[in-house]
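# Secondary and tertiary structure notes
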Amino acid sequence: MKLSNKKSILLLLLLSLIIGVLSGCTSKTSAETPVEEPNAEKTTYIVGLDDTFAPMGFRDEKGNLVGFDVDLANEVAKRWGVTFEFQPIEWTMKENELNAGNIDFIWNGYSITDERKEKVNFSSPYLEVSQLLVTLTDSPINLIADMKDKVVSTQGESSALEAAYSQPGLVESFKNGELIEFPTYNEVFNDLEAGRSDVVIADEVLARYYMKNKGAEKYKVLEEDLGSEEYGVGLRKDDTELCEKLNATFSEIKKDGTFDEIYSKWFSEN
Amino acid sequence: MLKVENLSKAFGKTLVLNNISFDIKNGEIVCIKGKSGEGKTTLLRCLNSLEVADKGSIRIKDKYLFREVNGKIQYASKEDLKELRQEIGLVFQSFNLFPHMTVKENLYLAPKFLNKMSQKEIEKRANELLLNLELEDKKDSYPYQLSGGQRQRAAIARACMLNPSILCFDEPTSALDEETRGQISKIIRDLAAQGIAIIIVTHDNAFVEEIAQRTITLSKGSISINY
Amino acid sequence: MMKVFDMLIPMTIEGMRITIGVFLLTLIISLPLSIIIAKLRMSKNKIVSKVTGIYIYIMRGTPLLLQLMFIFFGFHYIPVIGFAFGRYQAILVAFVLNYTAYFAEIFRGGINAIDIGQIEASTVLGLSKRFTFMKVILPQVLKNVMPSIGNEVITLVKDTSLVYILGVADILKAAKSVSNTYSTFIPYIFVGIIYLIITAVLTRFLNNIENKFNYYR
């Protein structure tokens, strides 16, 4: 009967799938092997990043991975004579990925904070960015004081968010005492343009990229900002050697002008 | 043909069948009467191995369905059980036809499983039965397309496919009207004429009058009359 | 605007491989597996039944997102286990475990709903338990459970977007990528429409199957 042929094919498919999955399980791909050997012997490192984070690490129109952090990382790899593989990760899981050994670096506009220092090792800072306050061009808001009772939004889980909450009384002074959070700055700026938000707090790097895309003349960046922070590369706590090596290479790159080249490629506006 | 000895069955604390003994010969039509809940259906189910007995024995032809060995009930081996199930058939009160199969597929299923007859033989036997039961034109119909009487005849045909020597009926007239009652009487008599022993569980007294050669009355789990 | 789609379309096609891949693989493995699990759940052996019940309870009682995270990241914290899943294996394992549990409960309900007379008729005809299940019970169960199964299948399409948590790129992530590169919301609308199209095609397909089962009532 026809059914028994179909059934046996399906059964075979099933079995081969299960076998495939199971055999795959016993060996992680080389990209996922945890760092066990001393660093000196490694030839491949995994750089973890959110590949949708423009302009630090994102996809260009052809789908290639590009960005400031990508260029910087590739430069380091070149100098070490090793391969860096870029592994897209979900940003909220970055420390998990690092500690599970799936990635060796968190390298994606990763702001250095005391909180994070408890979980990871940071390289020396390689970029300083401010938390900007942005409004539409014709907004009456010019000072932080003007933000009282206004609708303010920012990206969730961001340094901008932390910066806002770190200023005593600031968030409470906003309308309804709340700071509205959106998943990405696209939605944040969207809210600004729609007139629902009066002012947004944004990481400088992201804000400038967004405004460049949309036409910087639409926006006004306030003179005051909510402080600045530094980006660093995150490493596992026990990867101290690797960290030192990275710091040394960063120094080199800054001293010989390569850093400035990469910087001007991505942040020419500034 | 069928010999029941000292059959007892309890459900929990209730003794539903109490020391039942009787036998049935080829071609006999026996009606089992009794009020509801007096054990008729349980008896039928024990005969067809739908219930496990507590005591006694049932012998069908030359094999024991079960008997007591050292005080414990021992059922027939898997092989023997298979044979015995072919020897005794049951037409359920609600027929229990397979709704997702046509009438002829309903008939083909068991013989196909038992794999003793070729496809041709199975089809031939099915056609014979359907012809005799006036269901020939319905063989490609689904049970939902049949009337009550037709469904019953289909159920009978299905039970007969395996050439049972004993055929049981559970309340065969409960779902039918006067006219179809007459039909089922004829069918049963025809079957008996072929040598099949018929056991009918019923509380339809008129039907009993019509068809019974012998009547067993169950009262509170025991046989009160046996003629 | 054109450049948005120049990037969006190829990335969406790439993402579809994951979206459709996870969808199909999960179904192919879960559906047959769930029938087995359903039978285990209905087993007369109290231990088997209980253990299966606990598995079903856990998988239905926690979010699939959490299960993905646990299976990929959490194993790292359990010292006993000597291996860890790769990204794609973790996805497959989580999805299959999760959906098998849901399907199993649907099948269990469907099997229980079959009139016991069907089994008794089969017994009396001398059919084996396995033959009865395959030829008498299961076909009827499939007809009954199709709507519920169909529901879960539609849900599965959307659940595939959860793979983002392991950094894997499905069509929703493609939208995010393009959206962030060009600072526009349009990719999300595009991908939303893609989901709708997939669902429409699927619904049609499921309806066809349901109709095929209407050859009897």
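Parameters at a glance
Residues numbered from 1 in each chain as written. Chains lettered and ligands numbered in written order. Predicted model: local features only at pLDDT ≥ 70, side-chain atom pairs only at ≥ 80, totals over all residues. Helix = DSSP H or I, 4+ residues; strand = E, 2+ residues; numbered from the N terminus. Buried ≥ 20, exposed ≤ 12 C-beta atoms within 10 Å, placed from the backbone. Contact = placed C-beta atoms within 7 Å. Nonpolar A, V, L, I, M, F, W, Y, C, P; charged D, E, K, R; others polar. Pairing = 2+ DSSP bridges. Axes fitted to C-alpha atoms, helices over the stretch in contact; angles between N-to-C directions. pLDDT = per-residue confidence, 0-100. Core = buried A, V, L, I, M, F, W, Y, C linked by C-beta atoms within 7 Å. Domains from an automatic or database assignment. Left-handed = near helix turned anticlockwise from the far one by under 90°. Parallel < 35°, antiparallel > 145°, perpendicular 65-115°, else oblique. Arc of directions from axis to C-beta.

### Brief notes about the overall build of chain C
- A count of helices and strands for chain C gives eight helices and zero strands.
- Along the chain direction, N to C, the helices and strands of chain C fall in the order α-α-α-α-α-α-α-α.
- Dimensions of chain C, computed from C-alpha atoms along their principal axes, come out at roughly 70 × 50 × 20 Å.
- Sorting the 217 residues of chain C into buried and exposed places 41% on the buried side.

### Some words on the overall build of chain A
- Tallying secondary structure elements over chain A gives 10 helices and 12 strands in all.
- Within chain A, buried positions represent 37% of all 270 residues.
- The contacts in chain A between residues at least 6 apart in sequence include a share of 77% that link residues at least 24 apart.

### Quick notes on the interface of chain C and chain B
- Taken residue by residue, the interface counts 16 residues in chain C and 19 residues in chain B.
- Sorting the residues of the side of chain C that touches chain B by element identifies helix H5 (116-124) and helix H6 (129-159) of chain C as the ones contributing at least two each.
- Top contributing element to the side of chain C that touches chain B by residue count: H5 of chain C, with six residues.
- Classifying every residue of the side of chain C that touches chain B by side-chain character gives eight nonpolar, five polar and three charged.

### Considering the sheet that holds strand S5 (residues 63-69) of chain B
Residues and elements named next belong to chain B.
- The antiparallel open sheet is built from five strands, whose spatial order is S2-S1-S4-S5-S6. With one partner strand each, in any of the chains shown, strand S2 (14-24) and strand S6 (72-75) form the two edges of the open sheet. The mean inter-strand angle of the sheet, taken between neighbouring strand axes irrespective of direction, is 20°.
- Sitting on the sheet, helix H2 (residues 78-87) is in contact with strand S4 (55-60), S5 and S6, with an inclination near 125° to S5.

### Focus on the confidence of the model for chain C
Residue and element names in this part refer to chain C.
- For chain C, the mean per-residue pLDDT works out to 92, and 98% of the residues sit at or above 70.
- Mean pLDDT across the secondary structure elements of chain C bottoms out at helix H7 (residues 171-182), with 90, and peaks at helix H4 (residues 87-112), with 96.
- Model confidence for the complex is summarised by a pTM of 0.82, with the ipTM given as 0.90.

### Examining the nonpolar core
- Counting 113 residues, the largest nonpolar core has Val47, Val200, Ile201 and Ala202 of chain A together with Leu68, Ile91 and Val163 of chain C as the members making the most contacts within it.
- It is H4 of chain C that provides the largest number of residues to this core, a total of 14 residues.
- Domain assignment of the residues forming this core places at least three in each of domain 1 (36-127 + 229-266) and domain 2 (130-228) of chain A.
- Look past the residues within four positions of valine 200 of chain A in its chain and what remains in contact with it is Val134, Val152, Ser153, Thr154, Val188, Phe189 and Leu192 of chain A.

### Description of the interface of chain A and chain C
- Tallying the contact residues gives 33 residues for chain A and 30 residues for chain C.
- Looking at the side of chain A that touches chain C, the elements with two or more residues in it are helix H1 (2-25), strand S2 (58-59), strand S4 (83-88), helix H7 (185-193) and helix H8 (204-214) of chain A.
- Broken down by element, the side of chain A that touches chain C gets its largest block of residues, seven residues, from H1 of chain A.
- Classifying every residue of the side of chain A that touches chain C gives 14 nonpolar, 11 polar and eight charged.

### A short note on the domain arrangement of chain A
Residues and elements named next belong to chain A.
- Taken domain by domain, chain A consists of domain 1 (36-127 + 229-266) and domain 2 (130-228).
- Using C-alpha coordinates to define each centre, domain 1 is positioned 27 Å away from domain 2.
- Contact residues are listed per partner, giving eight residues for domain 1 and seven residues for domain 2.
- In terms of residue class, the side of domain 1 that touches domain 2 is built from three nonpolar, four polar and one charged.

### Side note on the arrangement of the chains
- Of all two pairs of chains sharing an interface, the pair with the highest contact count is chains A and C.
- In this view chain A stays clear of chain B, with the nearest C-alpha atoms of the two still 13 Å from each other.

### Overview of the packing of helix H1 (residues 2-41) of chain C against H6 of chain C
Residues and elements named next belong to chain C.
- Two elements in contact, H1 and H6, have axes whose closest approach is 9 Å; the angle formed by their N-to-C orientations is 145°. Note that H1 runs across H6; the crossing there is right-handed. Seen from H1, the contacting residues are Phe23, Thr26 and Leu27; seen from H6, they are Val153, Leu156 and Val157.
- Looking at the contact of H1 with H6, its residues break down into five nonpolar, one polar and no charged.

### Some points on the packing of helix H2 (residues 68-80) of chain A against helix H10 (residues 258-266) of chain A
All names here are of chain A.
- Packing of H2 against H10 brings their axes to within 10 Å, and their N-to-C directions diverge by 160°. With respect to their mutual orientation, H2 and H10 come out roughly antiparallel. Note that H2 runs across H10; the crossing there is right-handed. Counting all contacts with H2, which are made through Phe68, Asp71, Leu72 and Glu75, the residues of H10 involved are Thr258, Ile262 and Trp266.
- Partitioned by chemical class, the residues of the contact of H2 with H10 number four nonpolar, one polar and two charged.

### Considering the environment of aspartate 114 of chain A
- Here aspartate 114 of chain A shows up in helix H4 (residues 114-117).
- Sequence separation between aspartate 114 of chain A and glutamate 75 of chain A is 39 residues; the distance between their C-alpha atoms is 28 Å.

### Things to note about the pairing of S4 of chain B
All names here are of chain B.
- Across five bridges, the pairing between strand S1 (residues 2-11) and S4 is antiparallel. From the neighbouring strand, glutamate 5 faces S4, where its bridge partner is serine 57.
- Of the pairings in the sheet, the one linking S4 to S5 comprises three bridges and is antiparallel in character. Looking at the pairing, isoleucine 60 lines up with lysine 63 of S5.
- Hairpin connection of S4 to S5: two residues between the antiparallel strands, including lysine 61 at a positive phi of 55°.

### What about the pairing of strand S10 (residues 199-203) of chain A?
Residues and elements named next belong to chain A.
- Counting buried residues in S10 gives five out of five residues, a clear majority hidden from the surface.
- Because side chains alternate across S10, one face comprises the buried residues Val199, Ile201 and Asp203, and the other comprises Val200 and Ala202, equally buried.
- Examined bridge by bridge, strand S8 (residues 152-155) and S10 share three bridges and lie parallel to one another. Opposite valine 152, over in S10, you have valine 199 as the bridge partner.

### Brief notes about H5 of chain C
Residues and elements named next belong to chain C.
- Of the residues making up H5, those classed as buried are Ala121, Ser122 and Val124. Down the axis of H5, the buried side of the element spans an arc of 165°, and every buried residue falls inside it.
- Two residues or fewer after H5 comes glycine 126, characterised by a positive phi angle close to 85°.

### Observations regarding unusual backbone geometry
- Here the amide bond leading from alanine 54 of chain A into proline 55 of chain A is cis, since omega sits at -5°, within 30 degrees of zero.
- Following the sequence through the fold, proline 55 of chain A ends up in the loop between strand S1 (44-49) and S2.
- At asparagine 163 of chain B, a residue that is not glycine, the phi angle is positive and equals roughly 55°.
- As for its placement among the helices and strands, asparagine 163 of chain B is situated in the loop between helix H5 (148-160) and strand S8 (166-170).
- The partly exposed category is assigned to asparagine 163 of chain B, around which 13 C-beta atoms lie within 10 Å.

### Here's the deal with the environment of serine 185 of chain B
Residue and element names in this part refer to chain B.
- Of note, serine 185 is situated in helix H6 (residues 178-193).
- Sequence-wise, serine 185 and arginine 153 are 32 residues apart; in three dimensions their C-alpha atoms are separated by 12 Å.
- Aside from chain neighbours lying at most four places away, what touches serine 185 is Glu210 and Ile211.

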